[in-house]
Amino acid sequence: MSSITIDGRHVAAARELLRMTQDDLAQAAGVSRLSVVNFENNKTISRPSTVAKLQDALVRRGIEFTNGGKPGVKLDPEKAIIPS
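What counts, and where the lines are drawn
- Just so you know, the residues in each chain are numbered from 1, in the order the chain's sequence is written.
- At least 70 in pLDDT is required for a residue's local features to be given in this predicted model, at least 80 for side-chain atom pairs to be given and counted, and no such filter applies to totals for whole chains, interfaces and linings, which use all residues.
- Hydrogens are left out, water is left out, and the side-chain values use all remaining heavy atoms of the structure.
- Numbered from the N terminus, helices here are DSSP runs of H or I no shorter than four residues, and strands are runs of E no shorter than two.
- We take the radius of gyration over the C-alpha atoms and set the globule estimate at 2.2 Å times the residue count to the 0.38 power.
- Exposure is judged per residue with a 1.4 Å probe applied to protein chains only, and the accessible area is read against the type maximum: over 50% gives exposed, under 20% gives buried, and values in between give partly exposed.
- By definition, residues are in contact when any of their heavy atoms lie within 4.5 Å.
- Identification of polar contacts relies on pairs of N or O atoms within 3.5 Å, with a donor-acceptor requirement for protein atoms, meaning one able to donate a hydrogen and the other able to accept it, and with residues adjacent in sequence counted only if both atoms are side-chain atoms.

The next point concerns the overall build of the protein chain. Looking only at helices and strands, the protein chain has four helices and two strands in total. The secondary structure elements of the protein chain, listed N-terminal to C-terminal, are α-α-α-α-β-β. Here the protein chain has a C-alpha radius of gyration of 12 Å; the compact-globule value for 84 residues is 12 Å, and the two agree. Principal-axis analysis of the C-alpha atoms gives the protein chain an extent of 30 × 30 × 20 Å. Split into buried and exposed, the 84 residues of the protein chain put 38% on the buried side. Residue pairs at least 24 apart in sequence account for 50% of intrachain contacts in the protein chain once pairs closer than 6 positions are excluded.

Here you go:
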């Protein structure tokens, strides 16, 4: 797993690119829907293991997270292990 730090905005944007609902992502990541909702809305501080599960579920579907001067997300379908 990469060392890029993601936040709720990254996850929401990645879901949008993949046309996934919060329920879809929760199921794919093996976490509760409430965990996804709370992370995306910064309502709680999520466990690192939960964030890693969310990130992994999205990366496996072709999402690339970027950090540095221009943090963001992009979709590269060729890198998807699991088709979206």
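So much for the structure itself; the text now carries on.
Here R15 is to be found in helix α1 (residues 8-18). Residues R15 and L25, 10 residues apart in the sequence, show an inter-C-alpha distance of 7.5 Å. Setting aside its immediate chain neighbours within four residues, R15 contacts M20, T21, Q22, L25, E40 and L58. Separated by 2.8 Å, the side chain of R15 and the backbone oxygen of M20 make a polar contact.

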